[in-house]
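Okay, here's what each chain looks like letter by letter:
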Amino acid sequence: MSDLSPDRPAAPVLDVWCELQCPDCRTALEDLRALRARYGDRLELRLRHFPLEKHKHSFAAAQAAEEAVAQGQGWPYTEAVLDRVAELDRKGEPFLVEVARELGLDAEEFDTALIDGRHILIVDADQAEGKAIGVTGTPTYVIGGERLDGGRSQEGLRERVEEIADRLLAEQG
């Protein structure tokens, strides 16, 4: 049973266009952790995929992250992979399955998901939407209709996201 009452407004959404082989996204991880700690369920953080061609394992990593979502561990998996970007660079897809196993997820199902491509449409849709709204690199944040490009600089981004989130929450009453 949900604790959301019908008259409670939906939480503001922070879309995070991310790539799991991206060093800048690795740097942004501390900001994402801080935002999740500060707002909890008052702000919905949504991982959006934007794999970059220059990182050969990024498309597989996006699919693996979706399998983690399907198994109920989206953020823990995403954080675990981002924490070890260099290992993903070196080891590739076997590393994605290894992380799943470490987190107690069904590693065989991860392996199968990477082979059968069951999450490709989600990744493709995110990437297409990102391109349509002007995402060119990662991380890119969208909150309250404003796009913030973290691929150029992380400086002041968390503060800007917090300003917008606080304003949106205040507007909800």
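Coordinates for the structure precede this section.
Residues numbered from 1 in each chain as written. Predicted model: local features only at pLDDT ≥ 70, side-chain atom pairs only at ≥ 80, totals over all residues. Heavy atoms only, no water.

## Focus: the nonpolar core
- Counting residues in each nonpolar core, the largest one holds 44 residues, and the members touching the most others are Leu14, Tyr77, Val81, Leu96, Phe110, Tyr141 and Ile143.
- Among all residues touching Ile143, those that are not within four sequence positions of it are Val13, Leu14, Leu43, Val161, Ile164, Ala165 and Leu168.
- Listed in part, the 5 residues of the second largest apolar core include Phe50, Leu52, Val135 and Val142. (Core = buried A, V, L, I, M, F, W, Y, C linked by side-chain atoms within 4.5 Å. Buried < 20%, exposed > 50% of the residue type's maximum accessible area, 1.4 Å probe, protein only. Contact = heavy atoms within 4.5 Å.)

## Comments concerning helix α5 (residues 93-102)
- Among all positions in α5, only Phe95, Leu96, Val97, Val99 and Ala100 are buried.
- Buried residues in α5 make contact with α2 (58-70), α3 (74-82), α4 (85-91) and α6 (107-116).
- Once α5 finishes, Gly104 follows within two positions and takes phi at roughly 80°, a positive value. (Helix = DSSP H or I, 4+ residues; strand = E, 2+ residues; numbered from the N terminus.)

## Some words on the packing of aromatic side chains
- The final tally for this structure, using the stated rule, is 1 aromatic pair.
- Seen from their ring centres, Tyr77 and Phe110 are 5.1 Å apart, and the 35° between their planes marks the pair as tilted. Pair noted here: Tyr77 is in helix α3 and Phe110 is in helix α6, with a separation of 33 residues, a long-range link.
- By relative accessible area, Phe110 is classed as buried at 1%. (Phe/Tyr/Trp six-rings, centres within 6.5 Å; stacked < 30°, edge-to-face > 60°.)

Coordinates in, geometry out; function isn't part of it.
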